[in-house]
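Structural description and commentary
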Amino acid sequence: MLMTIASALIFVEIKDAIQKMLPEVMLHFLLKWEFRAMVLLSLTFQLMMIRYGNQRKFREKGMLISFLLWRMSLFADWLATVALTTVVRFRKEEITSPLVLFWTPLLLLHLGGPDTITAYSLSDYEHWPRHVFGLCFQIGVALYVYVLVNVKFFTITVNMLTFLAIPIYIVGIIKYGERVWALYEASNMLVRKSVFPDAKSFQLDIDLHPGPSNGNMKLEEYLNQREIKDNYRYLYRAFHFFQLFRPLFTDLKLRIYKKLSYIFEMESKVTAEDAFKMVEIELGFLHDVLYTKIPIVISRKGVILRCICLSFTVSTLIAFLIIVGKHGYSKVDIVISYLLMVGAIFLEICSAILHLSSDRGILWLVDKKNRFLKAIGSKLVLLTKPKKGIRSMAQHSLLDYCLQPRKFKLAAVLNIFDPDNLGKSSHTSLKDVNPDLKKSIYFHLLEKRYKYEDSNFSFKCLSELLDDRGYNALKDTEYLHDFAWTVSEVEFTHSLLLWHIATDLVFYDDDQSFQAGNLGPDCQLSKLLSDYMMYLLFLCPAMLPEGIGRLRHRDTCIEAKKFFPGRIDFRQAIKGLFGIDTASRSFFIEMGNQRRSVFFEGCQIAYGLQDLVSMSRWDHKEKWELIAKVWLDMLTYASSQCSWKEHARQLQQGEELLTHVALLMAHLGLSRQIGLVELPERLRLVDFRPSWDWARLDRLAYYLA
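About the cut-offs
Residues numbered from 1 in each chain as written. Predicted model: local features only at pLDDT ≥ 70, side-chain atom pairs only at ≥ 80, totals over all residues. Heavy atoms only, no water. Helix = DSSP H or I, 4+ residues; strand = E, 2+ residues; numbered from the N terminus. Buried < 20%, exposed > 50% of the residue type's maximum accessible area, 1.4 Å probe, protein only. Contact = heavy atoms within 4.5 Å. Areas by Shrake-Rupley, 256 points an atom, 1.4 Å probe, with all protein chains shown as cover. Polar contact = N/O pair within 3.5 Å; in protein donor to acceptor, adjacent residues only side chain to side chain. Axes fitted to C-alpha atoms, helices over the stretch in contact; angles between N-to-C directions. Parallel < 35°, antiparallel > 145°, perpendicular 65-115°, else oblique. Left-handed = near helix turned anticlockwise from the far one by under 90°. Nonpolar A, V, L, I, M, F, W, Y, C, P; charged D, E, K, R; others polar. 1 Å grid on protein atoms, 1.4 Å probe; cavity = no way out; pocket = protein on both sides within 12 Å on 5 of 7 lines; lining within 4 Å. Points joined across faces, edges and corners; volume = space filled by probe spheres on them. Pairing = 2+ DSSP bridges. Phe/Tyr/Trp six-rings, centres within 6.5 Å; stacked < 30°, edge-to-face > 60°. Lys NZ or Arg CZ within 6 Å of the ring centre and 35° of its normal. Salt bridge = Lys/Arg side-chain N within 4 Å of Asp/Glu carboxyl O. pLDDT = per-residue confidence, 0-100. Expected span 1.5 Å × (residues − 1). Patch = residues over 30% accessible without salt bridge, like charges linked within 9 Å, V, L, I, M, F, W, Y side chains within 5 Å.

Some details on the overall build of the protein chain
Within the protein chain one finds 34 helices and four strands. Relative to its 705 residues, the protein chain shows a buried fraction of 56%. Across the protein chain, contacts joining residues at least 24 apart in sequence account for 82% of those joining residues at least 6 apart. When the accessible surface of the protein chain is summed, it comes to about 31,900 Å², and 60% of that surface belongs to carbon and sulfur atoms.

Printed below as a string of structure tokens:
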């Protein structure tokens, strides 16, 4: 915000200096129309942002939409600041209409931003005091214009305009104040304080549970006790888990007694589709907290403030229509005034619809005791699009990137503004996250959960499960010595590149000999996960463990392109790689190691995998089952290694499979930030029984060990 104000002031200074050199006719034209154009353009940007702001949470639209919205939001704030500063710089004789009095507070309203966008990145929340300064500065500018116009035009009509502008100023201050409030509420400091309140806020157990206790119940039992209906029960379930897991996204640790381990169990009737659906809703709640005003507006205070804003704006429009419409102001200025006020009302109504139709809004409605509100919420549940879990995942094939140049796309043009990602988006695609993939991931995690439970929730066992990159899958084969080093003796990004190249080569080789679809679901699953993990290394390396993965990726691409110079048929290239003799392979591997390239090492792994079929009489489906297990272990390893803050940051770009898997693992207790510990000896001696009350998750720290 400080940069926005500073750049706006500098721009106005430069603009004024240039205007002094213009002919008088052109100068008069600019003075008359520049401010009018600015306010209309500002309104246009607000309408566009309210239209597209909520779509950035979806992967199929998030990458491009997030890019455009970020720049649009910055420009909208900058434009409104420039417009206000321009009016401040006006001399009294340059103010051609007292209707400017109406336009300045509406610009203040625009600076509050749309409800679907309060921040672009997590760093915005830690700088919320800067937005407080911005609020004070913009209010001061608007009040200065308010006084300036009254000095220039002091008539009975303007006096009426003065009173009409007061409600608009109040609305503008409320809207801008909500933005600062939302940033403050989502800051790490406040989240930590809400989880770990100071000693004075703690009460005795008897105070926390004044009535019949809901402690020591599973969530489903608690919801049954509350008689929550099935058609919106999923919202209650997701919201309670969101309250439980939200501290993780600020990198806080949860230490919970083992006797409460039932919290991290999935009901036997929960399917993979249900689990991913629940995780999607939880991440939607998190997205709303971090990047929108929805949690602020969907509250008693928020609803009261919004009712005030809407009533003030509507009443001002009606009064303006009655009082000002009869006076001889410019028709253009009157039309602009109507457009701004009608636009403000339209934005308010659209925001209300978006809020109430969101998961948070529906939950707020059905949780009320008022029958009318509960009925509205029940109807909205039926009207909203049913959740199906994560919809799509990004894909990037290294061989495709190196051997098949693509046509120039819009994404490549947009990435000019981000040199690190220049041209990269044009080499990524999206694939559906199909039900088979969800089932494979879910049952793979359940298998790890059962092993963890069988060890009596041993931290050593948990570490071994989370650190496994495919070694346990490979050790069950008699050829462990051929592959084990690829998942145990090299860094993770090295392993990822090796197995990605091998998977691609084996996939395309099998596809030429057979149809890949005839090799069982594990073949397609392996290809999807392989390309997804390579996409993370290619475009989201911060989500993976630290290493020199980007350098290896670059050198590997260089070596692949050198080996296949110019244009070459993709299928012929695959055949050529499998036709290299053993002596040449060793030479190429040695040369590649000197440059941090793993291209021919990956080819060597591919040869070994194909030898399982040709030499050891494996079935192709068995081979792909092994490859799929390795990729599932790599996915869970990467999910556990990525920091929760990075997961939260990535939400601004849209849904990410790695984040969904990480949160699903947390549901099962498979996270290093969730510690299940034994009762201390001093508590066992007094027969202490830890309790858990789903109705009191706002006092989460009370239940922690």
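Some details on the side chain of glutamate 280
Inspection of the secondary structure puts glutamate 280 in helix α12 (residues 272–291). On the accessibility criterion, glutamate 280 (9% relative accessible area) is buried. In this structure the side chain of glutamate 280 is engaged in a polar contact, spanning 3.0 Å, whose partner is the backbone nitrogen of glycine 389. When neighbours within four sequence positions are excluded, glutamate 280 is seen to be in contact with Lys387, Lys388, Gly389, Arg391 and His660.

A short note on the packing of helix α20 (residues 435–454) against helix α21 (residues 459–467)
Relative to each other, α20 and α21 sit at 160 degrees, their axes nearing to 9 Å. When the axes of α20 and α21 are compared, the pair comes out roughly antiparallel. Crossing hand, α20 versus α21: right-handed. Residues Lys448, Lys451 and Tyr452 of α20 form the contact with α21, whose own contacting residues are Cys461, Leu462 and Leu465. For the contact of α20 with α21, the residue count by class is four nonpolar, no polar and two charged.

Some details on the packing of α12 against α20
Viewed as axis vectors pointing N to C, α12 and α20 meet at an angle of 90 degrees, and their least axial separation amounts to 9 Å. Looking at the two axes, α12 sits roughly perpendicular to α20. Across from Ala272, Glu273, Ala275 and Phe276 in α12, the residues of α20 making contact are Pro435, Lys438, Lys439, Ile441 and Tyr442. Among the residues making up the contact of α12 with α20, the classes are represented as six nonpolar, no polar and three charged.

A short note on unusual backbone geometry
The backbone phi angle of glutamate 227 is positive, close to 60 degrees, even though this residue is not glycine. Looking at the secondary structure, you find glutamate 227 in the loop between α10 (219–225) and α11 (230–245). The class of glutamate 227 is exposed, set by a relative accessible area of 67%. Even without a glycine there, the phi angle at aspartate 687 is positive, about 55 degrees. Residue placement: aspartate 687 occurs in the segment after α34 (681–685).

As for empty space enclosed by the protein
Within the structure shown, the criterion is met by four cavities of 30 Å³ or more. Along its surface, the largest cavity is lined by Gln46, Ile50, Leu109, His110, Gly113, Pro114, Asp115, Lys175, Ala344, Leu347, Glu348 and Ser351. Residue assignment for the lining of the largest cavity shows that the elements contributing at least two residues are α2 (24–52), α4 (100–111) and α15 (331–357). In terms of residues, the lining of the largest cavity owes the most to one element, α15, which gives four residues.

What to know about the environment of aspartate 400
Take aspartate 400: it is sitting in helix α18 (residues 398–403). The exposure class of aspartate 400 is buried, given its relative accessible area of 14%. Between the C-alpha atom of aspartate 400 and that of aspartate 504, which follows or precedes it by 104 residues, the distance is 9.3 Å.

Re the pairing of strand β2 (residues 392–395)
Burial of β2 is two-sided: the residues Ser392 and Ala394 facing one way and the residues Met393 and Gln395 facing the other way are all buried. For β2 and strand β3 (residues 429–432), the ladder comprises four bridges, and the chain directions are antiparallel. Note that in β3 the partner of alanine 394 across the bridge is leucine 430.

Considering the packing of aromatic side chains
Inspection of every chain in the model, using the stated rule, returns 23 aromatic pairs. Seen in terms of ring centroids, tyrosine 532 and tyrosine 535 are 6.0 Å apart; in terms of plane orientation they differ by 35 degrees. Their pairing is tilted. Here tyrosine 535 and tyrosine 532 lie together in helix α26 (residues 521–539), a separation of three residues that amounts to about one turn. Here tyrosine 532 falls in the buried class, since its relative accessible area comes to 0%. The exposure class of tyrosine 535 is buried, given its relative accessible area of 1%. An aromatic cluster of three or more residues is present, and its members are Phe241, Phe245, Phe264, Trp692 and Trp694. The cationic tip of lysine 277 hangs over the ring face of tyrosine 234; the distance from NZ or CZ to the ring centre is 4.3 Å. The side chain of arginine 469 reaches across the aromatic face of tyrosine 637, ending 5.6 Å from its centre.

Side note on the pattern of salt bridges
Per the counting criterion, the structure on display carries 27 salt bridges. Between arginine 391 and glutamate 280 there is a salt bridge, with the nearest N and O atoms lying 2.8 Å from each other. One end of the pair, arginine 391, is in the loop between α17 (371–383) and β2; the other, glutamate 280, is in helix α12, and 111 residues separate them in sequence. For arginine 391, a relative accessible area of 24% gives the class partly exposed. One salt-bridge network, held together by shared partners, links Lys175, Glu178, Arg306 and Glu348.

A look at the confidence of the model for the protein chain
Confidence in the prediction for the protein chain averages 79 pLDDT; 78% of positions are at 70 or higher. Per-element confidence in the protein chain ranges from a low mean pLDDT of 40 for helix α9 (residues 205–208) to a high of 95 for helix α33 (residues 657–667). Contacts for the low-pLDDT stretch residues 406–422, under 50 throughout, to residues beyond four places or in other chains number 24 contacts.

Things to note about the environment of valine 598
Topologically, valine 598 is positioned in the loop between α29 (582–593) and α30 (599–614). What valine 598 contacts, discounting residues up to four positions off in sequence, is His494, Leu497, Leu498, Ile501, Arg552 and Thr556.

Thoughts on α20
Compared with an ideal rise of 1.5 Å per residue, which puts 20 residues at 28 Å, α20 spans 28 Å between its outermost C-alpha atoms and is within 8% of the ideal. Where α20 begins, the side chain of asparagine 434 points an oxygen toward the backbone nitrogen of aspartate 436, at a separation of 3.2 Å. Looking one or two residues past α20, asparagine 456 carries a phi angle of roughly 60 degrees, positive in sign.

Regarding a nonpolar patch on the surface
Together, Leu310, Val314, Ile318, Leu321, Ile322, Ile349 and Ile353 make up an exposed nonpolar region whose accessible area comes to about 610 Å². When residues of the nonpolar patch are traced back to their parent elements, those giving at least two are α14 (300–323) and α15. Looking at the nonpolar patch, the element that brings in the most residues is α14, giving five residues. Tracing the chain through its elements places isoleucine 349 in helix α15.

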